[in-house]
Amino acid sequence: MKTEFSLAQLADPDIAEADKILRACVHCGFCTATCPTYVLLGDELDSPRGRIYLIKEMLEKDRPPTKEVVKHIDRCLSCLACMTTCPSGVNYMHLVDQARVRIERDYSRPLGERALRAVLAFVLPRPGLFRASMIMARLGRPLAGLLPTPKTASATPTLLRRIKAMLALAPGSLPAPGPAAGSVFPAIGDRRGRVALLQGCAQQVLAPRINQAAINLLTRHGIEVVLVRDEQCCGALTHHLGQDGDALARARANVTVWQSEAEQGGLDAILVTTSGCGTVIKDYGFMLREDREFAGPAARISALTKDITEYLAGIDLHPSSQQGDVTIAYHSACSLQHGQKITHAPKELLSKNGFVVKDVPESHLCCGSAGTYNILQPDIASRLRDRKIANIATVKPDMIAAGNIGCMVQIAGGTSVPVVHTIELLDWATGGPKPELKGPGLTRPTLN
Ligand code: SF4
Ligand code: SF4
């Protein structure tokens, strides 16, 4: 794609990066076929190619984003299916990230929407506040039923519709908090390794059992696990809202504490059980590339970061075959398959450890969770969830496995089939307890 940035514009490293990305696009349109919003809405401007044109115009002309541009960028799930499909290696992720920052900086959203985004950005990365807000939201759920439901699904939802979607996500009950930051779980038997485990934000409130399963499995296989003190939210939530100041501050704070832990106790890896977070931490090196102090350490932290299944693929697990014949529909989270290109490891681990694993048709399509997308774009998110659940139903699973809490909550909202994390199944297969099939937050009635 031909670009016309001025030399002055190209002196800005972000614009230089955007220029490189835009020039790689040959506008072939292959990406449109696998873009969930294009598949649903059929509008070129809701396809990757259409959005690339809109971003190019906005950056090249250096003008504030228009309402139309914001509408189509907001509808993008950042699922990155387009990056998997693109034959030219266009880095859409770095382009749309930059567009979101520009929108956040230069576009004035309506007051109610600004307030909602500010609340999400403030509450979600803080587990204590998130827990309190979930309890409040649970009390508010009866009110959600009174809020009007639009007759037809809208791709430009009202504030009330978004509030209703937010209340619908509140679980019926919350589990007790998991282990505290700073805890160290020694290896059982000879120590073969030492890892940090990302504590996460929403996941540690909704389903601490996921990291508990990871700790159980890892220590049972000789790996010491540390929950690093003063670790923060990875920054993914605010990064995807275009609030880069907050996201970069969190990235720097995490790089600092993980680097210190690696220097003091030694770390073979930083493990992540929430693939949405893993994708962003693996991008810290890029996000902080212009920061003289942090560029090098951030790149090292990114290189040290692994999805839990990526790490386990290099370890001999000891299956105990206690679970019998269980058919698993494996839901491949977008952040895992498109963001991190991890497609085979989770399925291979599950099948090697005794599960019957089924691929879900249209597995490249997002389930509609996408961070805060199911709150901000509830109608598109619901349509994607229903499509995902219909596809899952065709393989008649006993359970659904996924590697991302957002997908788990989203899918569980529309099916009675138990939804569990891949690590819970692997823990079970190697001597741990059977996953709780009615975990808080993961089976709930939906108000959508
Ligand atoms: S597939 Fe790649 S090169 Fe083709 S239009 Fe999409 S982003 Fe551009
Ligand atoms: S990230 Fe997903 S929703 Fe956004 S343009 Fe790419 S395929 Fe479409």
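First, a word on scope: everything that follows refers to the structure included in this document. Model, not experiment: these values are computed from the prediction.

1. Examining the sheet that holds strand E7 (residues 356-359)
Taken in spatial order, the 4 strands of this open sheet run E7-E6-E8-E9, and their pairing is parallel. Here the strands that pair on one side only, and so sit at the sheet edges, are E7 and strand E9 (419-421). Going across the sheet, the axis of each strand differs from the next one's by a mean of 35°, ignoring polarity. Bridge count between strand E6 (residues 327-330) and E7: 4 bridges; the pairing is parallel. Its bridge partner lying in E7, Thr327 is registered against Val356.

2. Some details on the site of ligand 1
Contacts to ligand 1 come from 15 residues, most closely from Cys25, Cys28, Cys31, Cys86 and Val90. Sorting the residues of the shell around ligand 1 by element identifies helix H4 (48-60) and helix H6 (81-85) as the ones contributing at least two each. At 3 residues, the largest contribution of residues to the shell around ligand 1 is made by H4. A per-class count over the shell around ligand 1 returns 10 nonpolar, 4 polar and 1 charged.

3. Quick look at the sheet that holds strand E4 (residues 269-272)
Strands sit in the order E1-E3-E2-E4-E5 across an open sheet of 5 strands; the sheet is mixed. Of all the strands in the sheet, the pair left with one neighbour each is strand E1 (184-185) and strand E5 (305-307). Of the strands in this sheet, E1, strand E2 (193-197), strand E3 (223-226) and E4 touch helix H12 (residues 208-220), which is tilted by about 150° from E3.

4. A word on the environment of Gly112
Relative to the assigned elements, Gly112 resides in helix H8 (residues 111-123). Separated by 71 residues in sequence, Gly112 and Ser183 have C-alpha atoms that sit 41 Å apart.

Rules and cut-offs
Residues numbered from 1 in each chain as written. Chains lettered and ligands numbered in written order. Predicted model: local features only at pLDDT ≥ 70, side-chain atom pairs only at ≥ 80, totals over all residues. Pairing = 2+ DSSP bridges. Helix = DSSP H or I, 4+ residues; strand = E, 2+ residues; numbered from the N terminus. Axes fitted to C-alpha atoms, helices over the stretch in contact; angles between N-to-C directions. Near = placed C-beta within 6 Å. Nonpolar A, V, L, I, M, F, W, Y, C, P; charged D, E, K, R; others polar. Contact = placed C-beta atoms within 7 Å.

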